[in-house]
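# Geometric and topological summary
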Amino acid sequence: GQQLNQSPQSMFIQEGEDVSMNCTSSSIFNTWLWYKQDPGEGPVLLIALYKAGELTSNGRLTAQFGITRKDSFLNISASIPSDVGIYFCAGRKAAGNKLTFGGGTRVLVKP
Amino acid sequence: GAVVSQHPSRVICKSGTSVKIECRSLDFQATTMFWYRQFPKKSLMLMATSNEGSKATYEQGVEKDKFLINHASLTLSTLTVTSAHPEDSSFYICSAPGLAISDTQYFGPGTRLTVL
């Protein structure tokens, strides 16, 4: 099925660094969602974006809904060890409709 | 926020047996629920949309007779993996959308199925 293009696929972080990831699509979505998934658990919603151009923050997380409605980015500022995990973007065309997921960004700690 | 539960969280079964996984919306009603499958280090792949009171809608390539879905009430959907084989081993996750415009989808904690 269709997937969103999410990048990077993986990244190493050092505590205190800022982290950025983004998703792009060839089609328009009306809602963009960002989830974090820890091993063996279901995804947990981080930020939801409902309007083109919207910039929303949740603590150290900031996400934006692209003006073209075909992209979104997520920033994590001043990363901490518990930020490790897999982050997924998801797009939705209408309320209640199914989500289309990105391939995920695996955030790891630098050895 | 809204909570979705799944049961069991982990199941190991012998090849050829059937396994039922339950997905419940705990504090809200869901006329629609979604079932996903996730392989290790991969993204979530939608398998089917479960519709309360009617037949499920399956994604292309998903066998309806293999993955039986029943949405018997506004708070419960079940996925039955029939005649399971080792290649069916995976992490199965359900989700349910809220009904308000600003609502989003809430995911269950997932069920790890291992078929021996």
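Preceding this section is the structure that the text describes.
This part takes up the overall build of chain A. On a plain count of helices and strands, chain A comes out with zero helices and 11 strands. Secondary structure elements in chain A, listed N-terminal to C-terminal, are β-β-β-β-β-β-β-β-β-β-β. In terms of overall size, chain A behaves like a compact globule, its C-alpha atoms giving a radius of gyration of 13 Å where 111 residues would be expected to give roughly 13 Å. For the C-alpha atoms alone, the extent of chain A along its principal axes is close to 40 × 25 × 20 Å. By the burial criterion, 41% of the 111 residues in chain A qualify as buried. When the accessible area of chain A is evaluated, it comes to approximately 5200 Å², of which 53% is carbon and sulfur surface. Between the averaged position of the 10 positive side-chain charges in chain A and that of its 8 negative side-chain charges there is a distance of 13 Å.

Next up on the list: the sheet that holds strand β7 (residues 61–65) of chain A. All names here are of chain A. With respect to topology, five strands assemble into an open sheet ordered β1-β3-β8-β7-β6, the strand pairing being antiparallel. The sheet is open, and its two edges are formed by β1 (5–7) and β6 (55–58), each paired on a single side. Each adjacent strand pair in this sheet contributes to an overall mean axis angle of 15°, direction not counted. The pairing of strand β3 (residues 19–24) with strand β8 (residues 71–76) spans six bridges and is antiparallel.

Take the nonpolar core next. Membership of the largest hydrophobic core comes to 26 residues, with the highest contact counts inside it found for F67 and L113 of chain B. Among the secondary structure elements, those contributing two or more residues to this core are β2 (10–13), β3 (19–25), β4 (32–38), β5 (44–51), β7 (67–73), β8 (76–81), β9 (90–97) and β11 (111–115) of chain B. Among all residues touching F67 of chain B, those that are not within four sequence positions of it are R37, M47, Y58, V62, L79, T80, V81, D88 and Y92 of chain B. Membership of the second largest hydrophobic core comes to 20 residues, among which are V19, F29, W34 and F65 of chain A.

As a further point, take the packing of aromatic side chains. In this structure the tally under the stated criterion is nine aromatic pairs over all chains. Aromatic pair Y35 of chain A and F101 of chain A: ring centres 6.1 Å apart, planes at 40°, arrangement tilted. Here F101 of chain A lies in strand β10 (residues 99–101) and Y35 of chain A lies in strand β4 (residues 31–37), a separation of 66 residues in the sequence. Neither Y35 of chain A nor F101 of chain A differs from the other in exposure class; each is buried. Look at Y36 of chain B and F107 of chain B: their rings are 5.6 Å apart centre to centre, the planes differ by 45°, and that puts the pair in the tilted class. Remark: F107 of chain B occurs in strand β10 (residues 105–107) and Y36 of chain B occurs in strand β4; sequence separation between them is 71 residues. Each of the two residues, Y36 of chain B as well as F107 of chain B, counts as buried. Above the face of the F29 of chain A ring, K93 of chain A is positioned so that its terminal group lies 4.3 Å from the ring centre.

Conventions we followed
Residues numbered from 1 in each chain as written. Chains lettered and ligands numbered in written order. Predicted model: local features only at pLDDT ≥ 70, side-chain atom pairs only at ≥ 80, totals over all residues. Heavy atoms only, no water. Helix = DSSP H or I, 4+ residues; strand = E, 2+ residues; numbered from the N terminus. Rg over C-alpha atoms; globule rule 2.2 N^0.38 Å. Buried < 20%, exposed > 50% of the residue type's maximum accessible area, 1.4 Å probe, protein only. Areas by Shrake-Rupley, 256 points an atom, 1.4 Å probe, with all protein chains shown as cover. Lys, Arg positive; Asp, Glu negative; His and termini not counted. Charge placed at Lys NZ, Arg CZ, Asp CG, Glu CD. Pairing = 2+ DSSP bridges. Axes fitted to C-alpha atoms, helices over the stretch in contact; angles between N-to-C directions. Core = buried A, V, L, I, M, F, W, Y, C linked by side-chain atoms within 4.5 Å. Contact = heavy atoms within 4.5 Å. Phe/Tyr/Trp six-rings, centres within 6.5 Å; stacked < 30°, edge-to-face > 60°. Lys NZ or Arg CZ within 6 Å of the ring centre and 35° of its normal.

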